[in-house]
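Each chain, written out:
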Amino acid sequence: MSEKRMLTLSVEGMTCASCVGRVERTLAGVPGVSDAAVNLANETARISFTAPANLAGLIDTLGEAGYPATTSEITLDIEGMTCASCVGRVERKLKASDGVIDAQVNLAAETATIRYAIGATAPADLARISTDLGYPAKLKAGEDLGKQDRKAADIARLGRLTLIAAVLTLPVFVIEMGGHLLPSMHMWIEESFGLQNSRLLQFFLTTIVLFGPGLRFYTKGFPLLLKGAPDMNSLVALGTSAAYGFSLISTFTPSLLPEGTVNVYYEAAAVIVVLILLGRFLEARAKGRTGEAIRKLVGLQAKVARVERAGEVVELAIDEILVGDLIHVRPGEKIAVDGTVTSGQSYVDESMITGEPVPVEKSVGAEIVGATVNGTGALVFQATKVGADTMLAQIIQMVEQAQGAKLPIQGLVDRITAWFVPAVMVIAALTVVAWLAFGPDPALSFALIAGVAVLIIACPCAMGLATPTSIMVGTGRAAEMGVLFRKGDALQMLQEAKVVALDKTGTLTQGRPELTDLITAEGFDSDTVLRLVAALEAQSEHPIAEAITRAAAQKGLKSSEVTAFSSLTGYGVEANVDGRRVLVGADRLMAREGIDMGGLAETGDALGRKGRTPLYAAIDGKIAAAIAVSDPIKPATPQAIAALHGLGLSVAMITGDNQGTAQAIASELGIDIVVAEVLPEGKVAALEELRKRGKLAFVGDGINDAPALATADVGIAIGTGTDVAIEAADVVLMSGELTGVVNAFDISTRTMRNIRQNLFWAFSYNTLLIPVAAGVLYPAFGLLLSPVLAAGAMALSSVFVLTNALRLRLVKPVMRDKTPAPARDPAIPIPAQAV
């Protein structure tokens, strides 16, 4: 009989008693639910259930019924985790807790990201779960600046403990190992101090080491062992206790041991503690550097700003700035928060945000970003985003989320480490039994050495650090280059992609087209047509419409009265202008309306072959003109496409342009696959077709790219695009150039290669050295691995993994923009319709 559980969920969307009844009936219909009581006043549902009902199923059921359970996500800072076993233990305990939907624990960042159902549990309860398990936890509120100070203090304390242990261990090591290696030294010790006094000195010093600096291994290791959930501390505690305990018997009650087996291994126990403390110290220092990117980003933030208040300019802390404040920026100063320039002109260095070195011109109306650096001009801007809403704060949040992600490749590690430590203990026990049964005399000594070596060398620290450290350093370095991985698994998926599909407008091109040709039909005047068309297009927010209205304004043509305006998604626009019905759009619009284009059809085709976008205007049901608009190719686009080819990728272009225009652009840029005349809703189908060639990445920037970005295996949003596109993407490029795409693929490939190197080392290390520690080489070569060497090798394995991950900090951008990306005018968002 399954245990009965009680759960309280916060439920959204209930407005009346009917809603309450519906929610209650929905929950009661779930197999396993015995009772469901819904309270409208406090919008909660209290549920009693047994298996097969579970939290995830109940939440899904509520969502399907239209009354979603309220969920939230928090991050806990967790202390005391040292290996993959710790991670697995904390993660399993959190996931098994009431109200927890999902939990991901990151060893490198020492955090747990938990998604939970509001009402079913609380952040304080979740922190208590980890703390009760032996891993103190507390809620992370923003960037905990004190955490770095605590980490530094912990590293310093660990360094002191290591030094104390080493100083105390050195005489033990010299006395015991010197006596083994140098017969003359052994004789001198025996004649000067006496063998028993030598052992007593070793006992005294080793006891201080084990129960002083080394006490942490026993206070954590043995309780977990007694709970049936051993970790690496348990392995160290068992191994050193075995060596120390055997030495105690040899020192104080040698008659209990078989003849010829009396020996002391104080130096093994002490040196193991020293080496593992040293490894922990080096790990802590290296792990501190893995989060360097976040600290750099936080450090970019200005501390104070000159704010206009009550007619005076006063200096305020950045936390006191409010939306709407006017902020004065002098030459060379950091810009405090995001805003819009109200007066002044200057060039702003945005390299810390975009990764691009060329300063960007800013004048009245331009958007500026907090943490960027003003040039030689003075600016006044109005704050539009402050605190957690600024771009820098959002970048930090994105990077933290990506750094805490668990890649699919991590699943293998999790499955192995779940049983690894218990398996090692079994192997160690079998090793002892085998040596006692088949080993040469003194078999007990050999069995002890081999068993302790197996326990010590098998610590899975390197396995637990292999993936998260590379992710932290790789995604952090990517952020510094202007590539933000919003979803961690995109880091793995991106390097598996075979095809990269590119939206044309705003991705390959500037996204700001210009009117190049206007060829009128017989009986129509070009200025009249342009005036009518521009008046209609002024009602649209499409970039092509803006190019046409800009051209009319340059010719001084006055606007006309527009009524009955209608946007025909994927086709064009129509309206009544000065009492005349005007249609503007692609050739498919003319075909749909049954308008004969006559010779202008060939004219449009010719313009398309030149790489221009042909549009057609019809007035009062008659074709009036063919209009050509050209969107300039971005300067870095040709080199970026060549670089993508160099990475072995097939490049596809998806566009709403006609086939001729698309082919002309594709030929110019060397694009492999062209998918033309695609309506916005057709992009998803086009991507599904392209996916047959292999895993697919899609790059876009417009609102109408959002479904495609979400559909692709990896969606990459150009950072100068709309917020909707960015929200739908897996990767965000802060630069407006395709160079960022190349850099994203490169950093993905390098990071995954680094992870594989780490995993290869970690798995190979354990796979190869556990049998060596157990003594498989002894029959053939007479080699038996000392526990001291095992401890050194174990510590070095973790340090190797961390050092290898830190190499990613040295990655340089494959490509850099030669020109600044044009700032997007916030007054001209990219609309859903594509002409």
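Predicted model only: the values in this text are computed from it and were never measured.

Draft legend 1. Just the overall build of the chain, in detail. Across its full length, the chain holds 30 helices and 29 strands. Split into buried and exposed, the 835 residues of the chain put 53% on the buried side. In the chain, once contacts between residues fewer than 6 apart in sequence are set aside, the share between residues at least 24 apart is 70%. For the chain, the exposed area adds up to about 34,600 Å²; of that, 58% sits on carbon and sulfur atoms.

Draft legend 2. Here's a closer look at the sheet that holds strand β27 (residues 696–700). What the 7 strands build is an open sheet, ordered β17-β29-β28-β27-β18-β25-β26; its pairing is mixed. Only two strands of the sheet have a single neighbouring strand rather than two, namely β17 (483–485) and β26 (673–675). Shown here is a sheet whose adjacent strand axes are inclined to one another by a mean of 20 degrees, direction ignored. Of the pairings in the sheet, the one linking strand β25 (residues 650–654) to β26 comprises 3 bridges and is parallel in character. Pairing of I654 across the sheet is with V675, part of β26. The strands touched by helix α28 (residues 739–774) are β17, β18 (499–503), β27, β28 (714–718) and β29 (731–733); relative to β17, the strand with the most contacts, the crossing angle is about 50 degrees.

Draft legend 3. Main features of the UniProt feature "transmembrane region" (unreviewed entry) in the chain. Mapped onto the present numbering, the UniProt feature "transmembrane region" (unreviewed entry) falls on residues 158–180, 200–219, 231–252, 264–282, 416–438, 444–467, 759–778 and 784–806. Helix makes up 95% of residues 231–252 and strand 0%. Its end C-alpha atoms lie 31 Å apart. Along residues 759–778 the backbone is 85% helical and 0% strand, and the end-to-end C-alpha distance reaches 28 Å.

Draft legend 4. Region of the structure containing the pattern of salt bridges. Applying the stated criterion across every chain yields a total of 21 salt bridges. Linking K95 and E91 is a salt bridge whose minimum nitrogen-to-oxygen distance equals 3.8 Å. On the criterion of helical spacing, the pair formed by K95 and E91 is a turn pair, its members being 4 residues apart in helix α3 (residues 84–95). Note on K95: relative accessible area 42%, which makes it partly exposed. Ionic pairing is found between K692 and E689, a salt bridge with its closest N-O pair at 3.1 Å. Shared partners join several salt bridges into a network, and the residues in it are E574, R581, R592 and E593.

Draft legend 5. Quick look at a nonpolar patch on the surface. On the surface, L170, F173 and V174 cluster together into a nonpolar patch covering about 250 Å² of accessible area. Its location among the elements puts V174 in helix α5 (residues 145–181). Residue V174 is classed as partly exposed on the basis of its relative accessible area of 37%.

Draft legend 6. Quick look at helix α20 (residues 543–554). End to end, α20 covers 16 Å across 12 residues, agreeing with the expected 16 Å (1.5 Å per residue, within 8%). With respect to burial, α20 is a largely interior element, 9 of its 12 residues being buried. Listed as buried for α20 are P543, I544, A545, E546, A547, I548, R550, A551 and A552. Check the buried side of α20 and you find it contacts β19 (514–520), α19 (526–537), β23 (613–619) and β24 (622–630). The positive-phi residue at the C-terminal boundary of α20 is G556, with phi of around 75 degrees.

Draft legend 7. Looking closely at the confidence of the model for the chain. Of the residues in the chain, 88% reach a pLDDT of 70 or more, and the chain-wide mean stands at 82. Across the chain, the secondary-structure element scoring lowest on mean pLDDT is helix α27 (residues 723–728), at 64, and the one scoring highest is strand β10 (residues 326–329), at 94. The low-confidence segment residues 142–146, where pLDDT is below 50, has 8 contacts with residues more than four positions distant or belonging to other chains. Low pLDDT, under 50, characterises residues 818–835; the stretch is placed with 46 contacts to residues that sit more than four places away or in other chains.

Draft legend 8. Region of the structure containing helix α22 (residues 600–609). Along α22, the residues classified as buried are L600, G604, L607 and G608. Buried residues of α22 fall within an arc of 100 degrees about the axis and therefore sit on the same side. The exposed residues of α22 that point more than 90 degrees off its buried face are E602 and R609. Of the surrounding elements, those touching the buried residues of α22 are β19, β23, β24 and α24 (659–669). Positive phi appears at G611, one or two residues downstream of α22, with a value of about 85 degrees.

Draft legend 9. Structural context of the side chain of R199. Among the secondary structure elements, R199 is positioned in helix α7 (residues 195–211). A relative accessible area of 14% places R199 in the buried class. In contact with R199, other than residues within four places in its own chain, are S250, T251, V262, N263, V264 and Y266.

Draft legend 10. Fine view of the packing of helix α9 (residues 232–252) against helix α15 (residues 443–457). As a packed pair, α9 and α15 sit with axes 8 Å apart at the nearest point and diverge in direction by 160 degrees. Taken as axis vectors, α9 and α15 run roughly antiparallel relative to one another. Helix-helix and strand crossings are classified by hand; for α9 and α15 the assignment is left-handed. Together, L235, V236, L238, G239, A242, A243 and F246 of α9 and L444, S445, L448, V452, L455 and I456 of α15 make up the contact between the two elements. For the contact of α9 with α15, the per-class residue count stands at 11 nonpolar, 2 polar and no charged.

Draft legend 11. The arrangement of unusual backbone geometry in detail. Cis geometry marks the peptide bond from A51 to P52, where omega comes out at 15 degrees. Among the secondary structure elements, P52 is positioned in the loop between β3 (44–49) and α2 (55–65). Even without being glycine, A310 reaches a positive phi, approximately 55 degrees. Here A310 lies in the loop between β8 (304–309) and β9 (312–317). Phi at A564 takes a positive value of approximately 55 degrees, unusual for a residue other than glycine. Mapped onto the elements of the fold, A564 is located in strand β20 (residues 562–568). For A564, a relative accessible area of 56% corresponds to the exposed category.

Draft legend 12. Quick look at the nonpolar core. Counting residues in hydrophobic clusters, the biggest one holds 133 residues, and the most contacted among them are I716 and F745. Per-element tally for this core: the top contributor is α28, with 14 residues. In contact with F745, other than residues within four places in its own chain, are L494, A497, V500, L644, L647, L649, A697 and I716.

Cut-off values and rules
- The residue numbering used here restarts from 1 in each chain and proceeds along that chain's sequence as written.
- In keeping with the model being predicted, local features are shown solely for residues with a pLDDT of at least 70 and side-chain atom pairs are shown and tallied solely at 80 or more, while totals for entire chains, interfaces and linings include all residues.
- Computation of side-chain values: all heavy atoms of the structure, hydrogens and water removed.
- Helix and strand definitions here come from DSSP, where helices need a minimum of 4 consecutive H or I residues and strands a minimum of 2 consecutive E residues; each element is numbered from the N-terminal end.
- When accessible area is computed with a 1.4 Å probe and restricted to protein chains, residues below 20% of their type maximum are described as buried, those above 50% as exposed, and intermediate ones as partly exposed.
- Note on contacts: a residue pair is in contact if any heavy atoms of the two residues lie within 4.5 Å.
- Under the convention used here, a 1.4 Å probe and the Shrake-Rupley method define accessible areas, while residue burial counts only the protein chains that appear.
- Paired strands are those between which DSSP finds at least two bridges.
- Note on definitions: angles span 0 to 180 degrees between N-to-C directions of axes, and those axes are lines fitted to C-alpha atoms, for helices only across the stretch in contact.
- UniProt positions are given in the numbering used here, feature names are shortened, and annotations may be inferred rather than shown by experiment.
- Salt bridges are counted wherever a side-chain nitrogen of Lys or Arg sits within 4 Å of a carboxyl oxygen of Asp or Glu.
- Grouping into patches uses exposed residues only, defined as over 30% relative accessible area, and leaves out salt-bridged ones; the cut-off is 9 Å for like charges and 5 Å for nonpolar side chains (Val, Leu, Ile, Met, Phe, Trp, Tyr).
- Take the residue count of a helix, subtract one, and multiply by 1.5 Å to get its expected span.
- Along the chain, pLDDT gives the predictor's confidence residue by residue, from 0 to 100.
- Each direction from the helix axis to a C-beta atom contributes to the arc, which is the arc of those directions.
- Here is the rule for angles: anything less than 35 degrees is roughly parallel, anything more than 145 is roughly antiparallel, 65 through 115 is roughly perpendicular, and the remaining ranges are oblique.
- Helix crossings fall into two classes, left-handed where the near helix is turned counterclockwise from the far one by less than a right angle and right-handed where it is turned clockwise.
- As a working rule, the residues Ala, Val, Leu, Ile, Met, Phe, Trp, Tyr, Cys and Pro are called nonpolar, Asp, Glu, Lys and Arg charged, and the rest polar, with Gly in that last group.
- The term nonpolar core refers to a set of buried residues drawn from Ala, Val, Leu, Ile, Met, Phe, Trp, Tyr and Cys, joined through side-chain atoms within 4.5 Å.

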